[in-house]
There are 4 protein chains.
Amino acid sequence: MRIAEGLIPEGAIVTSHRVRVGYVDTDRAQVVHHGTYLRYLEAARVEYLRERGVDYKRFETDRMLALPVVEANVRYKLPALFDDELEIKTWLAVANRAKARFDSVILRGGELLTLAEITLACIRWPEGKICSMPDYVIALAKPA
Amino acid sequence: MRIAEGLIPEGAIVTSHRVRVGYVDTDRAQVVHHGTYLRYLEAARVEYLRERGVDYKRFETDRMLALPVVEANVRYKLPALFDDELEIKTWLAVANRAKARFDSVILRGGELLTLAEITLACIRWPEGKICSMPDYVIALAKPA
Amino acid sequence: MRIAEGLIPEGAIVTSHRVRVGYVDTDRAQVVHHGTYLRYLEAARVEYLRERGVDYKRFETDRMLALPVVEANVRYKLPALFDDELEIKTWLAVANRAKARFDSVILRGGELLTLAEITLACIRWPEGKICSMPDYVIALAKPA
Amino acid sequence: MRIAEGLIPEGAIVTSHRVRVGYVDTDRAQVVHHGTYLRYLEAARVEYLRERGVDYKRFETDRMLALPVVEANVRYKLPALFDDELEIKTWLAVANRAKARFDSVILRGGELLTLAEITLACIRWPEGKICSMPDYVIALAKPA
């Protein structure tokens, strides 16, 4: 993990997404299962894109492109619990022709629970061939 | 639920599928989450079909047909626990032009944990239009 | 399924819960997987209880009671799709000493997608012994 | 990710775990969802421990210890598909008082699909206090 301890870079455009922890999200250790966070992070990325003018569903169906996850790095610092209200702060940390990396921190109140870096490639949909990230996605990483 | 308490009908052709309960399958009540069983049951249906000569993946990709779930009825009698070895016994209880109903019992050792009736329709893939169940699927419900 | 085609009984106190369909909620048929709906329904029941004054987490941790699912009946009429905004309308259809049955309809706009009846028993937490449903839960089923 | 491209270190004791990809494991891109692999990897770690004499369930219930995931790093190179038979090769790459890191490669036939490094800490169960990794877990990392 390259991001510092939850430090959001200066100038980053951050989307805040809120989720309520469900019963099914937990496991027998009575905390949120480590895999569940990937669902929270994915929803947060879709909302990030929507807020910045990219409807991800139409990205696939109209533009015939998709953004599959090629790398996921998650660091779990404190467990989330059933019925917690979590905030996922997400920003586009890196974007170039080859990839887009979304970084996130997951918070409960002011408390930092989880850090994540999720890297996406761009492919032609539905054939799956790697292609260049569109300029308007790359542009999202640049502070206005 | 129309099936009696786990009673497998005489003459039914039964497929036995085994699963090991994973950590992620459980919830904070330290038992298998009620939704997890649908995954076990789905895998058991795919194995039932494979054993009887129907490769479900090719059913979709070659025959251009699919069998979506239109009704799920599950009765939970005893909880399954992490690391349990479960046996899912599945048979095709009803099959006609309109639907196929797979019944299952889930056992741990000799103990009956769960009963399920899952009803599937047949659609054209990938458009989703309802169509008639193929004869060779209907025929699977008939004892040899 | 005993509920009519999505007809909410007169006088029922209904909670409306909204979810956005995630990418992970779908399967290779490009619709929401039938098991995913159990997660939506579970979240809707927790919100139903919260709106009526029962914090389900404290129900477990303070009252030392839990409400496991003993029967799930779901009828899938139309598929939900990625990024759909769904509304889950939930009411307590039956409640007595032995069980509580929550009925739900899942809608997209005015369109009825799914019907469900989920029956819960009451157990002592965390031992798991069946006990009588508390009076204040039974009382929730009665129109004011 | 510190592991080279799927290269298993010389002398590593490797456990092979096989899974069949389920329908529910896929998403609307018609490939296995990136979150699903965490379930496969978790099952593989439990089998690794069982093969080396550590029953993970009893580790929790008898020894009153647990091994929560504190970091997950996964690199997705090629997608797995519905009904694929996957092999997860897992070894204990690092183990000391503070942590145990399990590395895995996921293969389909001879083809490398996924690389993962999952790091676990040791806590007292069920209170959740960090404690020292037991010597017999650390010893597993050493070639005989």
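Figured I'd write up the structure that's included with this text. (Residues numbered from 1 in each chain as written. Chains lettered and ligands numbered in written order. Predicted model: local features only at pLDDT ≥ 70, side-chain atom pairs only at ≥ 80, totals over all residues.)

1. A closer look at the overall build of chain A
Secondary structure assignment for chain A yields three helices and eight strands. Listed by position from the N terminus, the elements making up chain A come as β-α-α-β-β-β-β-β-β-β-α. Taking 2.2 N^0.38 as the reference for a compact globule, 144 residues should give roughly 15 Å; the C-alpha atoms of chain A span a radius of gyration of 15 Å, in line with that estimate. Over its C-alpha atoms, taken along the principal directions, chain A stretches across nearly 40 × 35 × 25 Å. Taken over 144 residues, chain A has a buried fraction of 42%. Sequence separation of 24 or more characterises 70% of the internal contacts of chain A that already satisfy a separation of 6 or more. (Helix = DSSP H or I, 4+ residues; strand = E, 2+ residues; numbered from the N terminus. Rg over C-alpha atoms; globule rule 2.2 N^0.38 Å. Buried ≥ 20, exposed ≤ 12 C-beta atoms within 10 Å, placed from the backbone. Contact = placed C-beta atoms within 7 Å.)

2. Description of the interface of chain C and chain B
Opposite the 17 residues of chain C that make contact, chain B presents 17 residues. The set of elements that each furnish at least two residues to the side of chain C that touches chain B consists of helix 1 (36-51) and strand 3 (69-76) of chain C. Of the strand pairs in this sheet, strand 3 (residues 69-76) of chain B and strand 3 of chain C are connected by five bridges, and their pairing is antiparallel. Counterpart to Val-74 of chain B in the pairing with strand 3 of chain C is Ala-72 of chain C. (Pairing = 2+ DSSP bridges.)

3. Thoughts on helix 1 (residues 36-51) of chain A
Residues and elements named next belong to chain A. With 16 residues, helix 1 extends 23 Å between its outermost C-alpha atoms, agreeing within 8% with the 22 Å of an ideal straight helix rising 1.5 Å per residue. The element helix 1 is largely enclosed, with a buried count of 12 among its 16 residues. Among the residues of helix 1, those classed as buried are Thr-36, Tyr-37, Leu-38, Tyr-40, Leu-41, Glu-42, Ala-43, Ala-44, Arg-45, Val-46, Tyr-48 and Leu-49. At the C-terminal side of helix 1, Gly-53 shows a positive phi close to 95 degrees. (Expected span 1.5 Å × (residues − 1).)

4. Notes on the relation of the copies chain A and chain D
Placing chain A over chain D gives an RMSD of 0.0 Å and needs a rotation angle of 180 degrees, together with 0.0 Å of translation along the axis. Such a turn and shift between the copies fits a two-fold axis. It is Asn-73 of chain A whose C-alpha, among those of chain A, lies nearest the rotation axis, at 2.2 Å. Taken as a fraction of all interface residues of chain A, those also at the interface in chain D reach 100%, which identifies the copy contact as same-surface. (Least-squares fit on C-alpha atoms with pLDDT ≥ 70 in both.)

5. Quick word on the sheet that holds strand 4 (residues 85-95) of chain C
Spatially, 10 strands are ordered 1(B)-4(B)-5(B)-6(B)-3(B)-3(C)-6(C)-5(C)-4(C)-1(C) in an open sheet, and the strand pairing comes out antiparallel. In the strand order of this sheet, the two ends are held by strand 1 (15-20) of chain B together with strand 1 (15-20) of chain C, each with one partner. Taking the axes of each pair of neighbouring strands and ignoring which way they run, one obtains an average angle of 20 degrees across the sheet. Pairing analysis gives seven bridges linking strand 3 of chain C to strand 6 (residues 111-120) of chain C, with the strands arranged antiparallel. (Axes fitted to C-alpha atoms, helices over the stretch in contact; angles between N-to-C directions.)

6. Some thoughts on the environment of Leu-120 of chain D
All names here are of chain D. Structurally, the position occupied by Leu-120 is in strand 6 (residues 111-120). We classify Leu-120 as buried; it has 21 C-beta atoms within 10 Å. Each C-alpha atom of the pair Leu-120 and Val-69 lies 4.4 Å from the other, and the pair is 51 residues apart in sequence. When residues no more than four places from it in sequence are discounted, the contact partners of Leu-120 are Leu-67, Pro-68, Val-69, Val-70, Lys-99 and Ala-100.

7. A look at the sheet that holds strand 1 (residues 15-20) of chain D
Here we have 10 strands laid out as an open sheet, ordered 1(A)-4(A)-5(A)-6(A)-3(A)-3(D)-6(D)-5(D)-4(D)-1(D), and antiparallel in their pairing. Lying at the two open borders of the sheet, with one neighbouring strand each, are strand 1 (15-20) of chain A together with strand 1 of chain D. Adjacent strand axes in the sheet meet at a mean angle of 20 degrees, parallel and antiparallel pairs treated alike. For strand 1 of chain D and strand 4 (residues 85-95) of chain D, the ladder comprises six bridges, and the chain directions are antiparallel. Within the sheet, the bridge partner assigned to Ser-16 of chain D lies in strand 4 of chain D and is Lys-89 of chain D. Seen against the sheet, helix 1 of chain A touches strand 1, strand 3 (69-76), strand 4 (85-95), strand 5 (100-108) and strand 6 (111-120) of chain A and runs at an angle of roughly 140 degrees to strand 1 of chain A.

8. Comments concerning the environment of Tyr-37 of chain C
Residues and elements named next belong to chain C. Turning to its location among the elements, Tyr-37 is positioned in helix 1. When the C-alpha positions of Tyr-37 and Tyr-76 are compared, they lie 9.5 Å apart, and in sequence the two are 39 residues distant. Among residues more than four places away in sequence, those in contact with Tyr-37 are Val-32, Val-74, Ile-106, Thr-114 and Ala-116.

9. Some remarks on unusual backbone geometry
Omega for the peptide link from Trp-125 of chain C to Pro-126 of chain C comes to 0 degrees, which places this bond in the cis form. Mapped onto the secondary structure, Pro-126 of chain C falls in the loop between strand 7 (122-124) and strand 8 (130-131). One non-glycine residue, Asp-83 of chain B, adopts positive backbone phi at about 75 degrees. Looking at the element boundaries, Asp-83 of chain B is found in the loop between strand 3 and strand 4 (85-95). The phi torsion at Met-64 of chain C lies on the positive side, around 60 degrees, for a residue other than glycine. For Met-64 of chain C, the location among the structural elements is in the loop between helix 2 (56-61) and strand 2 (65-66).

10. Concerning the pairing of strand 5 of chain A
Residue and element names in this part refer to chain A. Counting buried positions along strand 5 gives seven out of nine residues, so the element sits mostly inside the fold. In terms of strand pairing, strand 4 meets strand 5 through eight bridges, oriented antiparallel. By the bridge assignment for strand 5, Val-94 is matched with Arg-101. Count of turn residues in the strand 4/strand 5 antiparallel hairpin: four residues.

11. Things to note about the relation of the copies chain C and chain B
The two copies are related by a screw motion: chain C maps onto chain B through a turn of 180 degrees and a shift of 0.0 Å along the axis, at an RMSD of 0.0 Å. A share of 100% of interface residues in chain C that are also interface residues in chain B marks the association as one of identical surfaces.

12. Side note on the interface of chain A and chain D
The partner chain D presents 17 residues to the 17 residues of chain A that form the contact. Counting only elements with at least two residues in the side of chain A that touches chain D, the list comes to helix 1 and strand 3 of chain A. Per-element tally for the side of chain A that touches chain D: the top contributor is strand 3 of chain A, with eight residues. Across the side of chain A that touches chain D, the residue classes break down as 10 nonpolar, four polar and three charged. (Nonpolar A, V, L, I, M, F, W, Y, C, P; charged D, E, K, R; others polar.)

13. Some details on the nonpolar core
Counting residues in each nonpolar core, the largest one holds 79 residues, and the members touching the most others are Tyr-37, Tyr-40 and Leu-41 of chain B together with Tyr-37, Tyr-40 and Leu-41 of chain C. In contact with Tyr-40 of chain B, other than residues within four places in its own chain, are Val-19, Leu-86, Ile-88 and Ile-106 of chain B. Val-46, Ala-72 and Val-105 of chain A together with Ala-66 of chain D belong to the second-largest nonpolar core, a separate cluster that totals 78 residues. (Core = buried A, V, L, I, M, F, W, Y, C linked by C-beta atoms within 7 Å.)

Limitation: the analysis is restricted to geometry and does not speak to function.
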